[in-house]
Number of protein chains: 2
Amino acid sequence: MTKKSTIALVAQHAGVSVASVSRVLNGLPASPAITERVQASAAALGYAPDASARRLRVGRTEQIAFAVADLGNPVYTAMTRTITEEVQEGGFRLLLASTGQGADGPLGLLTDLDGSFVDGLILSPLQVDERVVERLRGRRHPIVVIGSVPDDVPVDSVRADSMTGVRLALEHLVAQGRRRIAFVNGPVDTVPGAARLAGYVRGCDALGLVTHQELQVVADDFTYEAGLPAARRVLDQCVPDAILCANDLLGVAALNVLRERGLRVPEDVAVVGMDDTDLAGMTRPALTSVDLGSIERARRAAQLLLRRLGGFDGPPERVVVEPTLRVRASSGGAA
Amino acid sequence: MTKKSTIALVAQHAGVSVASVSRVLNGLPASPAITERVQASAAALGYAPDASARRLRVGRTEQIAFAVADLGNPVYTAMTRTITEEVQEGGFRLLLASTGQGADGPLGLLTDLDGSFVDGLILSPLQVDERVVERLRGRRHPIVVIGSVPDDVPVDSVRADSMTGVRLALEHLVAQGRRRIAFVNGPVDTVPGAARLAGYVRGCDALGLVTHQELQVVADDFTYEAGLPAARRVLDQCVPDAILCANDLLGVAALNVLRERGLRVPEDVAVVGMDDTDLAGMTRPALTSVDLGSIERARRAAQLLLRRLGGFDGPPERVVVEPTLRVRASSGGAA
DNA sequence: TGCTGCCTCGTAATCGATTACAAGAACGAT
DNA sequence: ATCGTTCTTGTAATCGATTACGAGGCAGCA
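These numbers come from a predicted model, not from an experiment.

Now for the relation of the copies chain B and chain A. Expressed as a screw operation, the relation of chain B to chain A combines 0.0 Å of axial shift with a rotation of 180°, fitting to an RMSD of 0.0 Å. Such values leave the two copies arranged in the relation of a two-fold axis. Comparing interface residues between copies, 100% of those in chain B also lie at the interface in chain A; the contact surface is shared.

Here we take up the interface of chain B and chain A. With 48 residues of chain B at the contact, the number on the chain A side is 48 residues. Summed over both sides, the interface of chain B with chain A buries roughly 4,200 Å², with 56% coming from carbon and sulfur. A salt bridge links arginine 55 of chain A to aspartate 50 of chain B; the nearest nitrogen and oxygen atoms lie 2.5 Å apart. Our count for the chain B to chain A interface comes out at 21 residue pairs in polar contact (both at pLDDT 80 or more). Among the elements of the structure, helix H4 (51-58), helix H5 (74-89), strand S2 (93-98), helix H11 (248-260) and helix H12 (278-282) of chain B are those that each provide at least two residues to the side of chain B that touches chain A. Looking at the side of chain B that touches chain A residue by residue, the classes come out as 18 nonpolar, 18 polar and 12 charged. Note: strand S2 (residues 93-98) of chain A against S2 of chain B, 2 bridges, orientation antiparallel. Looking across to S2 of chain B, one finds that leucine 96 of chain A is bridged to leucine 94 of chain B.

Quick look at the UniProt feature "domain: HTH lacI-type" (unreviewed entry) in chain A now. As recorded in UniProt, the feature "domain: HTH lacI-type" (unreviewed entry) lies at residues 5-58 of chain A. Here residues 5-58 of chain A is 70% helix and 0% strand, with 20 Å between the C-alpha atoms at its ends.

Let us look at the nonpolar core. Ranked by internal contacts, the top residues of the largest apolar core, which has 98 residues, are Ile243 and Leu244 of chain A together with Ile243 and Leu244 of chain B. Beyond its immediate stretch of four places on either side in the chain, isoleucine 243 of chain A contacts Ala182, Val184, Val234, Leu235, Leu258, Val269, Ala270, Val271 and Val272 of chain A.

All names here are of chain B. Its place among the elements puts phenylalanine 92 in the loop between H5 and S2. Along the primary structure phenylalanine 92 and proline 29 are separated by 63 residues, whereas in three dimensions their C-alpha atoms are 26 Å apart. With near-sequence residues (within four places) excluded, phenylalanine 92 lies in contact with Arg60, Glu62, Gln63, Ile64, Val87, Asp119, Leu306 and Leu309.

All names here are of chain B. Over its 17 residues, helix H9 (residues 191-207) runs 24 Å from end to end, which matches the ideal 24 Å to within 8%, given 1.5 Å per residue. Turning to H9, its buried residues are Pro192, Gly193, Arg196, Gly199, Tyr200, Gly203 and Cys204. What you see down the axis of H9 is that its buried residues fit within an arc of 130°, all on one side. Those residues of H9 that are exposed and angled more than 90 degrees off the buried face are Arg202, Asp205 and Ala206. With a side-chain oxygen positioned 3.1 Å from the backbone nitrogen of glycine 193, the residue opening H9 is threonine 190.

Taken as a whole and assessed by the stated rule, the structure comprises 2 aromatic pairs over all chains. Summarising the aromatic geometry, the rings of phenylalanine 183 of chain A and tyrosine 200 of chain A are spaced 4.6 Å apart at their centres and angled 15° between planes, so their arrangement reads as stacked. Residue phenylalanine 183 of chain A is found in strand S6 (residues 181-185), and its partner tyrosine 200 of chain A is found in helix H9 (residues 191-207); the two are separated by 17 residues along the sequence. Assigned by exposure class, phenylalanine 183 of chain A and tyrosine 200 of chain A land together as buried. Just above the ring of phenylalanine 117 of chain B sits the side chain of arginine 93 of chain A; from NZ or CZ to the centre is 3.8 Å. The ring of phenylalanine 312 of chain A has arginine 307 of chain A sitting right over it, with the charged end atom 3.8 Å from the ring centre.

Residue and element names in this part refer to chain A. With their axes 9 Å apart at the nearest point, helix H6 (residues 104-113) and helix H7 (residues 130-137) run at an angle of 25° to one another. Comparing the axis directions of H6 and H7 gives the class roughly parallel. Viewed along their axes, H6 and H7 form a crossing whose handedness is left-handed. When H6 is examined against H7, the residues Asp104, Leu107, Leu110 and Thr111 are found in contact with a partner set consisting of Arg131, Val132, Arg135 and Leu136. A per-class count over the contact of H6 with H7 returns 4 nonpolar, 1 polar and 3 charged.

Right, let's talk about the protein's contact with DNA strand C for a bit. If you check the shell around DNA strand C, you find 25 residues, and the closest are Ser20 and Ser31 of chain A together with Ile7, Tyr47 and Arg57 of chain B. Expressed as a percentage, the sugar and phosphate content of the atoms of DNA strand C within 4 Å of the protein is 62%. Contact distances for DNA strand C include 3.4 Å between a phosphate oxygen and a side-chain N or O atom of asparagine 26 of chain B. In the model, a phosphate oxygen of DNA strand C is placed 2.7 Å from a nitrogen or oxygen of the tyrosine 47 of chain B side chain. Among the secondary structure elements, those contributing two or more residues to the surface near DNA strand C are helix H2 (18-25) and helix H4 (51-58) of chain A together with helix H2 (18-25) and H4 of chain B. Class assignment of the residues belonging to the surface near DNA strand C gives a composition of 14 nonpolar, 6 polar and 5 charged.

Reading the values: rules and limits
- Residues numbered from 1 in each chain as written.
- Chains lettered and ligands numbered in written order.
- Predicted model: local features only at pLDDT ≥ 70, side-chain atom pairs only at ≥ 80, totals over all residues.
- Heavy atoms only, no water.
- Least-squares fit on C-alpha atoms with pLDDT ≥ 70 in both.
- Contact = heavy atoms within 4.5 Å.
- Buried area = accessible area lost by both parts, 1.4 Å probe.
- Salt bridge = Lys/Arg side-chain N within 4 Å of Asp/Glu carboxyl O.
- Polar contact = N/O pair within 3.5 Å; in protein donor to acceptor, adjacent residues only side chain to side chain.
- Helix = DSSP H or I, 4+ residues; strand = E, 2+ residues; numbered from the N terminus.
- Nonpolar A, V, L, I, M, F, W, Y, C, P; charged D, E, K, R; others polar.
- Pairing = 2+ DSSP bridges.
- UniProt positions renumbered as here; feature names shortened; annotations may be inferred.
- Core = buried A, V, L, I, M, F, W, Y, C linked by side-chain atoms within 4.5 Å.
- Buried < 20%, exposed > 50% of the residue type's maximum accessible area, 1.4 Å probe, protein only.
- Expected span 1.5 Å × (residues − 1).
- Arc of directions from axis to C-beta.
- Phe/Tyr/Trp six-rings, centres within 6.5 Å; stacked < 30°, edge-to-face > 60°.
- Lys NZ or Arg CZ within 6 Å of the ring centre and 35° of its normal.
- Axes fitted to C-alpha atoms, helices over the stretch in contact; angles between N-to-C directions.
- Parallel < 35°, antiparallel > 145°, perpendicular 65-115°, else oblique.
- Left-handed = near helix turned anticlockwise from the far one by under 90°.
- Near = heavy atom within 4 Å.

Given below as structure tokens:
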């Protein structure tokens with residue numbers, strides 16, 4: 001391993017002062033003679049400025065963190081990809097922080113954040129409790145939350161309109177003649193779980209649909225594995241003509257359980273997922289899914305953060321991204 | 001936003017010297033009286049040590065980077081998840097660097113790396129050219145490569161045994177009575193593409209199978225979208241009784257194209273994927289897949305890096321992870 | 001020639017934490 | 001009481017880069 005070279009070594013090698021080296025390397029005015037000597041020496045020594053020293057002086061790490069609960073969910077993968085591109089364009093590196101389930105993950109992260117290892121944070125928490133909110137208030141760096149935050153917490157946020165999203169799905173299913181629409185949700189003590197449940201209940205009310213308890217089931221997680229027993233449970237309890245699932249992983253699980261029970265999709269039971277991930281296009285029948293604008297949310301979140309880091313100091317933004325329905329074969333509505 | 005508090009402020013608040021504050025906070029010996037005062041002051045001021053300053057002094061960032069070509073591929077997602085867990089356990093944060101396709105991605109990253117924004121790097125390159133190798137030689141930090149590197153490059157590496165993996169798949173298919181086995185590969189100018197092609201050719205030779213050009217097709221990418229036209233092309237060219245795919249995304253594409261052509265899986269054509277990602281269990285029929293030990297490779301890579309960071313200074317390790325075949329319905333071999 | 005003004009370049013302060021070193025306190029042994 | 005040992009605590013150097021400030025050189029102008 002080659003050993004590290006510092007600005008002092010370059011200065012010595014070039015026979016100039018450290019200040020001149022720094023100036024040349026940062027494009028500040030310097031005479032052609034010095035410029036050339038410094039550049040030659042820097043190249044010869046393979047010099048690369050020390051990120052920590054630089055940051056200590058100028059106050060910027062040029063790093064942004066993205067905190068996500070479960071990378072296994074393709075919707076977060078897609079978001080991560082978008083955010084990576086967006087922040088790299090802005091000249092920042094992306095740090096991926098895995099918070100895991102529960103509210104303790106973000107909490108530890110927010111504490112660490114005070115150590116200034118990043119300039120800003122994009123937080124997509126599954127759960128938010130009082131302690132998290134408190135830390136968001138006392139933050140020292142710009143934070144953008146993907147999801148809902150109480151109105152009085154002064155951070156930018158970008159959220160999906162799950163309520164409308166669920167409504168779109170229900171209306172579509174009703175238009176296909178479905179009336180007994182079951183709902184496979186994820187944990188309701190999470191932000192998305194709660195929002196989607198509320199959307200289902202209100203949407204059914206508005207459309208005059210029944211919402212018996214037997215039509216509703218809660219999976220232990222927003223995962224495929226948790227979706228299988230959940231889908232089986234709902235079919236044991238009732239005979240729906242459609243199943244709405246709180247995300248695509250649960251949707252795929254429902255598709256497979258229906259097949260295992262000998263029920264045809266969409267003839268006997270229609271299925272609709274949410275998030276419109278890549279997965280939706282891969283299943284057969286392809287899964288109709290509500291696009292909650294995850295890519296768009298990721299992009300907007302990144303942009304909001306970059307704007308704050310650029311010095312913008314206005315009041316907190318509250319962005320709501322509108323959902324759209326992506327109809328595929330699993331709901332029988334496709335051409 | 002609360003403003004930053006430094007060790008000096010804490011010292012002033014507690015009425016002690018900065019050295020004492022540092023000592024208390026780092027658990028070095030100090031009298032109970034001082035310990036208590038410092039802890040109280042630190043808590044009162046919400047003090048958190050500055051990561052850059054600390055790193056500048058002690059020489060550690062406590063960050064590790066994982067460089068990956070395409071996060072959209074579930075195999076990398078799974079690896080990322082494993083590595084995240086592993087390095088967090090070791091007290092490091094994970095930085096995700098997206099290199100994109102081609103050899104230029106890793107190149108820029110390896111240059112940046114000299115800036116010491118991380119203590120070490122796990123690199124999973126799709127392509128490796130001479131320039132990359134050269135940089136690996138002149139590196140200033142421990143690097144672990146997931147994939148193959150020339151023998152004389154002094155870095156730890158963990159690679160899959162694609163050759164054997166492909167062989168396992170071929171043997172399994174032959175045991176199922178298949179003889180005309182087509183191969184849908186990804187780009188052959190990538191490390192995995194080349195390895196899998198070599199495995200296919202040698203495996204077919206050894207098993208006495210035909211390897212006409214019409215049986216082989218190369219997708220533009222290791223993606224689902226690229227897999228669809230590739231699978232169509234191979235079916236236009238020949239009538240195989242099995243299709244081996246270089247990864248699960250291509251495998252799922254093949255499954256869907258076969259269905260679109262009215263061919264039954266596995267009765268008419270068997271399909272086998274590689275990587276054994278979560279996806280394989282979600283399709284119907286479920287996709288038989290060669291587990292190239294991605295999780296294991298990720299874990300080993302993280303452990304090797306952590307060991308180097310712990311001061312280990314032995315000769316470069318070369319770990320090869322053995323593949324296993326995960327038989328599911330798509331190859332007709334399941335119970 | 002002498003003065004002003006600009007331009008270039010070097011010296012040294014600075015960011016915040018860690019830590020080597022030394023000074024002082026406390027205590028025990030003689 | 002005196003000396004030495006140990007323990008605690010503070011002062012100051014240090015990591016590497018950026019940058020304020022000042023010194024010196026050079027050109028332009030009277």
